[in-house]
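# Descriptive structure summary
Spelled out from the first residue to the last, the chains are:
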Amino acid sequence: MDEKLIREIVLSFREVSKKTHQILSEESDKKEITTAQLIALSTLKREPHLTLGELAERMKVSKSTASGIVDRLVKAGFLMRNRVEDNRRTLNLELTKLGEKKSAETYALFFDRLEPLLELGEEPLLSMLDTHKHIIEILERGIKE
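Residues numbered from 1 in each chain as written. Predicted model: local features only at pLDDT ≥ 70, side-chain atom pairs only at ≥ 80, totals over all residues. Heavy atoms only, no water.

### Details of the layout of surface pockets
- Of the voids in this model, the largest pocket is the one considered here, and its volume is about 580 Å³.
- Residue lining of the largest pocket: 20 residues in total, with Val16, Thr20, Leu117, Met128 and His132 positioned closest to the centre.
- Top contributing element to the lining of the largest pocket by residue count: helix 1 (residues 3–30), with 9 residues.
- Residues of the lining of the largest pocket, tallied by class, amount to 13 nonpolar, 4 polar and 3 charged.
- A volume near 330 Å³ is recorded for the second largest pocket.
- Along the wall of the second largest pocket there are 11 residues; nearest its centre are Ile6, Ile9, Val10, Phe13 and Ile135.
- If you list the elements that add at least two residues to the lining of the second largest pocket, you get helix 1 and helix 6 (122–144).
- Residue composition of the lining of the second largest pocket, by class: 8 nonpolar, 2 polar and 1 charged. (1 Å grid on protein atoms, 1.4 Å probe; cavity = no way out; pocket = protein on both sides within 12 Å on 5 of 7 lines; lining within 4 Å. Points joined across faces, edges and corners; volume = space filled by probe spheres on them. Helix = DSSP H or I, 4+ residues; strand = E, 2+ residues; numbered from the N terminus. Nonpolar A, V, L, I, M, F, W, Y, C, P; charged D, E, K, R; others polar.)

### Some points on the nonpolar core
- Among the nonpolar cores identified, the biggest contains 14 residues, and Ala40, Leu41, Leu44, Leu55, Leu73 and Leu79 are the most heavily contacted of them.
- Where this core is concerned, the elements lending two or more residues are helix 2 (35–46), helix 3 (52–59), helix 4 (63–75) and strand 2 (87–95).
- Counting residues in hydrophobic clusters, the runner-up holds 6 residues, among them Ile23, Tyr107, Phe110 and Leu114. (Core = buried A, V, L, I, M, F, W, Y, C linked by side-chain atoms within 4.5 Å. Buried < 20%, exposed > 50% of the residue type's maximum accessible area, 1.4 Å probe, protein only.)

### Some details on a nonpolar patch on the surface
- A cluster of nonpolar side chains, contributed by Leu5, Ile9 and Phe13, occupies part of the molecular surface with about 230 Å² of accessible area.
- Along the polypeptide, Phe13 turns up in helix 1. (Patch = residues over 30% accessible without salt bridge, like charges linked within 9 Å, V, L, I, M, F, W, Y side chains within 5 Å. Areas by Shrake-Rupley, 256 points an atom, 1.4 Å probe, with all protein chains shown as cover. Salt bridge = Lys/Arg side-chain N within 4 Å of Asp/Glu carboxyl O.)

Here it is as structure tokens:
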């Protein structure tokens, strides 16, 4: 396989990523929440009760960046900080009902915008997903070596 084809594939992934991020940003703006805040909410929905450090790690941001995001989410009533019983110095983060609702509403708008992708048909989409999984596996092997 030549370098030009690999370059086109990488650029294609990048363009798809940029377009989906743009759509997510537009829908987040409509719901008056930033994409970083929305990602924090969805991360905590998938993995409840993370600490600030764990959230920062999952989001691939610094602890200070995550702290700012969390501060704004707490102030907006979307998150709560709770002390851990066996370690009073540790705080777990928990979604509020309002945070769950904001996340669900925003992602509903986002996925509604992406629904036209289904026009491609189930078979090509499943094939693409399978190809992406293989690409990820190959790239991860290269990172571990």
